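One letter stands for each residue in the lines below.
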Amino acid sequence: MDSDSDYTSSFSDSKILVLLVFILVIFRAFSAFLQKQANNVASVLTKNVTIVVLGDIGRSPRIQYHALSFAQNGWKVDLVGYDGTKPLTSITNNQNINIHYISHPWHLPDSLPKLLFLVYAPIKVYIQILLLYWTLFARINRPNYLLVQNPPSIPTLMIVQFVCWVRQTELIIDWHNFGFTILGLRLGHNNFIVKIAKWYEKLYGGRAHAHLTVTSAMHRELMYKWEV
């Protein structure tokens, strides 16, 4: 009789423990849901934009003016690029602008043979991919828009397209030139690698949410020949 009583008591204790664990799990899941909703509301109320240039921020006046324009209109700006020349004082003193410097990859002298450039180019691209992914995923908040300067298009356009897809962000490309034409000056415009670079740039560049250009000629090129 006592053994049955002990068994019933033990069974009841087990059910109570399971019930408490179940309640704890539900409470934790509900808390996580509320936190996610709060973060979503906060991201809507706070306008965030990320601006990317794979170049010296201080020597990119157009990118700096983009950052100032957003900041002056109440946006929180994450400015990503290389260090070097000091940016405008109005940039560094603006509380709405955070600068995130990324390390420079090694630069080969232009006098070196073309073959050495072709060997080093993939290594440089790989380094830039790692640095950009780390910065855009780990160091900044989810932006509403991501504005990137092109060129360089390799690997920038592919990376920002993927980041925007994962973080549900709209991409804006500020076209200063075409990356494949600059590459063609070094390798020759009929080079197979240049043709691949053009295909790549057209593929990833044409999928942006919006486009800015520095000249009317580039605007017409994108609109009529690239159909963007």
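Placed above this text is the structure.
Rules used in this analysis
- Residues numbered from 1 in each chain as written.
- Predicted model: local features only at pLDDT ≥ 70, side-chain atom pairs only at ≥ 80, totals over all residues.
- Heavy atoms only, no water.
- Helix = DSSP H or I, 4+ residues; strand = E, 2+ residues; numbered from the N terminus.
- Buried < 20%, exposed > 50% of the residue type's maximum accessible area, 1.4 Å probe, protein only.
- Contact = heavy atoms within 4.5 Å.
- Areas by Shrake-Rupley, 256 points an atom, 1.4 Å probe, with all protein chains shown as cover.
- Phe/Tyr/Trp six-rings, centres within 6.5 Å; stacked < 30°, edge-to-face > 60°.
- Core = buried A, V, L, I, M, F, W, Y, C linked by side-chain atoms within 4.5 Å.
- Expected span 1.5 Å × (residues − 1).
- Axes fitted to C-alpha atoms, helices over the stretch in contact; angles between N-to-C directions.
- Parallel < 35°, antiparallel > 145°, perpendicular 65-115°, else oblique.
- Nonpolar A, V, L, I, M, F, W, Y, C, P; charged D, E, K, R; others polar.
- Pairing = 2+ DSSP bridges.
- Left-handed = near helix turned anticlockwise from the far one by under 90°.

J.: Explain the overall build of the protein to me, using residue names and the numbers behind them.
T.: Helices and strands together make up the secondary structure of the protein, namely eight helices and six strands. Order of helices (α) and strands (β) in the protein, N terminus to C terminus: α-β-α-β-α-β-α-β-α-β-α-α-β-α. For the protein, the residues scored as buried account for 35% of the 228 residues in total. Long-range pairs, those at least 24 residues apart, make up 68% of the contacts in the protein with a sequence separation of at least 6. For the protein, the exposed area adds up to about 14200 Å²; of that, 61% sits on carbon and sulfur atoms.

J.: Run through the packing of aromatic side chains, naming residues and quoting values.
T.: Aromatic rings in a pair are described by how distant their centres are and how their planes are angled relative to each other. A complete count under the given rule lists 12 aromatic pairs for this structure. When the centroid spacing of 5.6 Å and the interplanar angle of 55 degrees are considered together, the rings of Trp175 and Phe178 count as tilted. Judged on exposure class, the residue Trp175 and its partner Phe178 are both buried. Ring plane angle 55 degrees and centroid distance 5.0 Å describe the contact between Tyr200 and Tyr204, whose orientation is recorded as tilted. Taken together, the residues Tyr200 and Tyr204, both in helix α7 (residues 192–205) and four residues apart, mark about one turn of the helix.

J.: So what's going on with the nonpolar core? Residues and values would help.
T.: Ranked by internal contacts, the top residues of the largest apolar core, which has 30 residues, are Leu132, Leu136, Leu146, Val148 and Leu171. Looking at which element gives the most residues to this core, the answer is helix α5 (residues 156–167), with five residues. Not counting chain neighbours up to four residues away, the residues in contact with Leu146 comprise Thr50, Val52, Leu136, Val160, Val163, Cys164, Thr169, Glu170, Leu171 and Ile172.

J.: Talk me through α5; I want residue IDs and the actual numbers.
T.: Helix length check: α5 (12 residues) gives 16 Å between terminal C-alpha atoms against 16 Å at 1.5 Å per residue, within 8%. A positive phi of about 55 degrees marks Gln168, the residue just after α5.

J.: Got a sec to walk through the packing of helix α6 (residues 179–187) against α7? Specific residues and values, please.
T.: Packed helix pairs are specified by the crossing angle of their axes together with the interaxial distance, meaning the distance between the axes. Viewed as axis vectors pointing N to C, α6 and α7 meet at an angle of 175 degrees, and their least axial separation amounts to 9 Å. When the axis of α6 is compared with that of α7, the two are roughly antiparallel. Facing α6, whose interface residues are Gly179, Phe180, Leu183, Gly184 and Leu187, α7 presents Ile193, Val194, Ala197, Lys198 and Glu201. Per-class residue counts for the contact of α6 with α7 are six nonpolar, two polar and two charged.

J.: How would you explain the side chain of Asn96 if you had to name every residue and give the values?
T.: Checked against the element boundaries, Asn96 lands in the loop between α3 (89–92) and β3 (97–102). In contact with Asn96, other than residues within four places in its own chain, are Ala71, Gly74, Trp75, Lys76 and Val77.

J.: How would you sum up the sheet that holds strand β6 (residues 210–213)? Please name residues and give values.
T.: Spatial ordering of the open sheet is given by β3-β2-β1-β4-β5-β6, a layout of six strands whose pairing is parallel. Looking at the sheet topology across the chains shown, the edges are occupied by β3 and β6. Taking the axes of each pair of neighbouring strands and ignoring which way they run, one obtains an average angle of 20 degrees across the sheet. Across six bridges, the pairing between strand β1 (residues 48–56) and strand β2 (residues 76–82) is parallel. By the bridge assignment, Asn48 is partnered in β2 with Lys76. On the sheet, helix α2 (residues 61–72) packs against β1, β2, β3, β4 (145–150), β5 (170–175) and β6 and is oriented at approximately 165 degrees with respect to β1. Across the sheet, α7 is in contact with β4, β5 and β6; its angle to β5 comes to roughly 135 degrees.

J.: Let's hear about the packing of α5 against α7: which residues, and what values?
T.: Two numbers describe how α5 lies on α7: the axes approach to 9 Å, and their chain directions differ by 25 degrees. In terms of orientation, α5 lies roughly parallel with respect to α7. Judged by the sense of rotation from one axis to the other, the crossing of α5 with α7 is left-handed. On the side of α5, the interface is formed by Thr156, Leu157, Met158 and Gln161, while α7 contributes Tyr200, Glu201, Tyr204 and Gly205. Taken together, the residues of the contact of α5 with α7 break down into four nonpolar, three polar and one charged.

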